[in-house]
Amino acid sequence: MSKEKDKGSNKDGSTKDGKAGDRILALWRPEEDDWREAEVIEKKINSDGSVMYYVHWTDFNRRLDSWVAPDLIDWTAHNNKDRLREVRQRKQTFDKFTHEGHDDHDGLDEASLKEHEEVTKIKNVNKIQMGKFIVQTWC
């Protein structure tokens, strides 16, 4: 295994040895060529000598953190302001599209809104019956 293999390699052939705390762009969904900002959390070397990086995806919850191969990481992205701007612009466009103008209560008068809230409010359940079994819930 060459020393070159232990380093993260870019699409352009340049290499970098990543470390915890590095801010990078990584391929989130390879089938859609979807690059996302991420932060390297940990680096590990597998038994076969290959390197993997555990990354936190900046736009997502920590439960989606994942191991990423070095060939899916663009180490130079944070030096390339145009590339970074492109990724951030795509995210802003998506956020704007998914969050604006989606008021589910448009067209409801005050009485209808009050009725809707009463019907849909949270109710605590103490027991659930499944067939002949009764299960107590945690409350």
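Draft legend 1. Seen up close, a nonpolar patch on the surface. Together, Val 125, Ile 128, Met 130, Phe 133 and Val 135 make up an exposed nonpolar region whose accessible area comes to about 450 Å². Residue assignment for the nonpolar patch shows that the elements contributing at least two residues are strand E8 (127-130) and strand E9 (133-136). Examined against the element boundaries, Phe 133 turns out to sit in strand E9. Exposure remark for Phe 133: the relative accessible area of 53% places this residue in the exposed category.

Draft legend 2. A look at the sheet that holds strand E5 (residues 51-57). Sheet architecture is open: five strands sit in the order E6-E5-E4-E3-E7, paired in antiparallel fashion. Only two strands of the sheet have a single partner each, and these edge strands are strand E6 (66-68) and strand E7 (73-74). Summarising the sheet, strand E4 (residues 34-45) and E5 pair through seven bridges and their orientation is antiparallel. For Glu 42, the partnering residue across the bridge sits in E5 and is Tyr 54.

Draft legend 3. View of the pairing of E4. When strand E3 (residues 23-29) meets E4, the two strands line up antiparallel, connected through six bridges. Residue pairing for E4: Arg 29 is matched across the bridge by Asp 34. Linking two consecutive strands that pair antiparallel, namely E4 and E5, is a turn of five residues; a positive phi of about 90 degrees is found at Gly 49 within it.

Draft legend 4. The pattern of salt bridges, seen in detail. Scanning all chains against the criterion turns up seven salt bridges. For Asp 65, the salt bridge identified is with Arg 62, shortest N-O distance 3.8 Å. In this structure Asp 65 comes out as buried when scored by relative accessible area, which is 12%. It is possible to trace a salt-bridge network through shared partners that takes in Arg 29, Glu 32, Asp 34, Arg 36 and Asp 59.

The rules we used
- Residues numbered from 1 in each chain as written.
- Predicted model: local features only at pLDDT ≥ 70, side-chain atom pairs only at ≥ 80, totals over all residues.
- Heavy atoms only, no water.
- Patch = residues over 30% accessible without salt bridge, like charges linked within 9 Å, V, L, I, M, F, W, Y side chains within 5 Å.
- Areas by Shrake-Rupley, 256 points an atom, 1.4 Å probe, with all protein chains shown as cover.
- Salt bridge = Lys/Arg side-chain N within 4 Å of Asp/Glu carboxyl O.
- Helix = DSSP H or I, 4+ residues; strand = E, 2+ residues; numbered from the N terminus.
- Buried < 20%, exposed > 50% of the residue type's maximum accessible area, 1.4 Å probe, protein only.
- Pairing = 2+ DSSP bridges.

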